[in-house]
Each structure stands twice: as C-alpha cells, then as structure tokens.
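Chain and residue survey
Below are the chains, spelled out letter by letter.
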Amino acid sequence: MKSVHLRRICSAIAGVSLAALGVVAASPPAGATAAPLLPGPFDDSFYTPPSPLPAGKPGDVLRWRPSVPLMNVANADAWQVMYLSTNALGRPDAVTGTILVPKGKDPATAPIVGYAVGTQGPAFKCTASKAMERGTLYDQPAINDSLSSGYAVAVTDYEGYSPTTVPTYITGQSMGPAVIDSVRAAQNLPSARLSKSAKVIFQGYSQGGGGSMWAGEKQPTYAPELNVVGVVAGGVPADLTEVAKGLDGYIGFGFLAFAAVGLDAAYPDLQLDSFLNDTGRQQLADAKKNACVAELLLNYSFKKISDYTTSNPLNTPQWQARLAQNKLGASPPRVPVFQYHAGTDEIVNTPQAEALHRTYCAAGVREQWQTYISDHATGILAGNADAHQWIVKRFSGAPAPTNC
C-alpha cells in the first residue's frame, strides 16, 4: 500500500511541475467547470466526501489525483476523481471514479464510454478504483477494448464506497446518476481535455448492466446535454423482485444479502436491522467490513433469507415500494440498445431480462437482444466482442440493428 501511495505522490509532483498535469498548459473544454488545481489527498481520505458538500452541479469535480491502473499504464492517462452526483432520494451526494484517456489520441475528438462496473462487494477494499490499481478488476478487458479503440472511459465507483459508508448496491435510482455524472466529471476535468460534445455510450455487465441501463433511462431528463448515442447492457437485473426469487437458498444468496444492504443504505426508511436476527446482524456487519465478490459466493452460498431474519423484509409494503421504484422499464432509453444475457444465468435470471427487452421493443426502442451459451460469470466474456463491435459501429455513425 505504501508503494502505491509513493507512486501517486511521485506522479503528482512530476505532474504539477508540468503545469499541474495539463491544468495550466491546456485550456479546458468550453463550459467546463473549474476542478481544483492541485491533486490530493493521497491516502484513503480521498474517498471521504467533504461535509457539508460544496454547492455545485452534478458532475462537478470536487477533487482529483493521478492514478496508475496496473493494466492501463502503457496506453492511457488516468485520474481518480470525486464528483457531485444525486442519490436515490434526489439529494446531492459525492461519488468517486476513474477517468482514462488513451495516449496518442486527441482528447478533443475522443468519444466517451461511461462504464458501469459489475458487483465488487460491500467492503471498502472492493472499490472499483482500488481494484483497477491492483489489476484485479474483472471488467478490465471491456474497458481496455475501448481504450485500444481510442475512446476515453469514465468508470464510476458508485455511491457509498468510503471508509465510513456503505455502498448503495443495485439501487438503480442511485446508479444511473453515478454513471451519467462520471461522464460529466470526465468532461469537467481540465487535465482530460475531453469535449462537451463528445459522443457517449453507457456500458456495463451485471450490476453494471443495470447501471448502464438506468443511465440510459435517466439521461434524457437528467442530462439532456450529453450526446448519448447508445447503451450496452449485459446480465441486467431489471426486476429486483424476480432476481431475488432466484437467489434465496441458492448459490448467489450473497448477492441478495448485499442487495438488501445496498437498498437499506439508499433508503433509511427500510430499517433492515429491525428484520435481522442475531446471526443476520453479525454476518452482515462482517460482510460490510470484509466481503468482496469471492466472499459473497464462498461464505453465503445456499443460505436463505430466513437464516438471517425474524421476518422477510421483501414482503413488506415499504420494501415492495422501493423495489418497484428500482425496476427498469418505466422510461425506456431514447437511443439504440444492445442488451445481452447468459442463456443459463444462475445469478440474474434470464426471463426477467428478456421481459425488459420486450418492454423496450414495445416502446419503440431500437434494441438488439442477444443470448450466449454461458453462465453469469462467463457471460461478460462471451458478450465482450459483440458489445465492443456494437460500440465501434455506433460511434462511427452506422445505423443500429434491431431484432425486436
């Protein structure tokens, strides 16, 4: 950990001596807000939002620092940022993420992929930006595909990843703004030198498939100024109630437990603790401190809601109302969509995703639906090549296919 911090500090010192990593030497894009001139802090306090939050607009950069993702150092410049966004209750919040710009590409002409990562886990150590620096982010191949094609990539950490907070996992009303505002932050970071008029595509798989789809649904009213040309979403948890039915008592129960924790973090009125038994309190407290994806699978497989609760919170009117608010399909995207799914998905069941596909088609969305012979974990790899080619063609202006 010390070596990582030292590397960041050295990068920062070198960058500041070169006109603050471009902040002084390069003019920011027209209309960009002013990000702080100097980088930092360089320890984990970077992830703790200022209190109170400063005034500003969604996408404004509150702080930044140079980053050295292990799998990107050769082909991209990278910065970690904290930016303003909007939480599930419609209130301002602060979210962190990573901005990557390919080397050898004129940033002013680079399209931008707003990348929504898949499930990382409830513990702070699982934060996507930390995984990128370790070289362990499983979404990295898809991100690298975009960088290799000359696209900038904005990767959100989502709300709640800090030493003292809990991620609002799988909460679409929080994920959508976090993804959208990562793109705005990329455009607002002077060092990145990206255009405000750049073409934008939202992309993600699993939780990220939901995040990218939520960004697509919210963008027309939340960020109408963005030049969005498409949405790519794989393994989409479109209907959380239906997904939950397939996880209770099965291999993916850890994801169901994390979803309950995430919704509770987003909506204090849900009061998850009042439904937990002693085992539930102990196990979920431990997960918040220590669990990433591997632990969610290894430690919680085949558990049941009844193992952790005195009564099932998902059956109550309050939880049902919040689940309904986080069901995709009410405001279909106004741009083409590539939606794909594992044909034998044991984590995020396929029928509920296909139902979303039918909803979008009925609403007139130009959507391509694709399934692959794979399970959930391998579905991201199965769909990567087709997803990337779809992105390349949309950025080139080619008409989008549809199989509605």
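See the structure shown above.
Now for a description of the structure that goes with this document. (Residues numbered from 1 in each chain as written. Predicted model: local features only at pLDDT ≥ 70, side-chain atom pairs only at ≥ 80, totals over all residues. Heavy atoms only, no water.)

**A few points about the pairing of strand E8 (residues 337-342)**
The buried count for E8 comes to 6 of 6 residues, which makes it a mostly enclosed element. Side chains of E8 alternate between two faces, with Val337, Gln339 and His341 and Phe338, Tyr340 and Ala342 buried alike. Where E8 and strand E9 (residues 367-372) come together, 6 bridges link them in parallel fashion. Looking at the pairing, valine 337 lines up with glutamate 367 of E9. Remark: the E8/helix H13 (residues 350-362)/E9 crossover connection has right-handed handedness. (Buried < 20%, exposed > 50% of the residue type's maximum accessible area, 1.4 Å probe, protein only. Helix = DSSP H or I, 4+ residues; strand = E, 2+ residues; numbered from the N terminus. Pairing = 2+ DSSP bridges. Right-handed = clockwise from strand over helix to strand, strands pointing away.)

**Quick word on the layout of surface pockets**
It is a probe the size of a water molecule, rolled over the atoms, that shows where empty space is left. Considered as a void within the structure, the largest pocket measures approximately 500 Å³ in volume. Together, 31 residues line the largest pocket, and Thr119, Ser206, Phe255, Ile347 and His376 are the ones closest to its centre. Elements represented by at least two residues in the lining of the largest pocket include exactly helix H7 (240-245), helix H8 (253-266), helix H10 (293-300), helix H12 (317-325) and helix H14 (376-396). A total of 5 residues in the lining of the largest pocket trace back to one element, the largest contributor, which is H8. The residue inventory of the lining of the largest pocket, partitioned by class, reads 25 nonpolar, 5 polar and 1 charged. (1 Å grid on protein atoms, 1.4 Å probe; cavity = no way out; pocket = protein on both sides within 12 Å on 5 of 7 lines; lining within 4 Å. Points joined across faces, edges and corners; volume = space filled by probe spheres on them. Nonpolar A, V, L, I, M, F, W, Y, C, P; charged D, E, K, R; others polar.)

**Description of the sheet that holds strand E6 (residues 199-205)**
As summarised here, the arrangement of the 9 strands in space is E1-E2-E3-E5-E4-E6-E7-E8-E9, forming an open sheet in which the pairing is mixed. Only two strands of the sheet have a single neighbouring strand rather than two, namely strand E1 (61-66) and E9. For this sheet the average axis-to-axis angle between neighbouring strands, irrespective of direction, equals 20°. Alignment of strand E4 (residues 112-116) against E6, held across 5 bridges, turns out to be parallel. Of the residues in E6, the one forming a bridge with glycine 114 is phenylalanine 202. Together, strand E2 (76-86), E4, E6, strand E7 (227-234) and E8 form the strand contacts of helix H6 (residues 207-222), whose direction differs from that of E6 by roughly 145°. (Axes fitted to C-alpha atoms, helices over the stretch in contact; angles between N-to-C directions. Contact = heavy atoms within 4.5 Å.)

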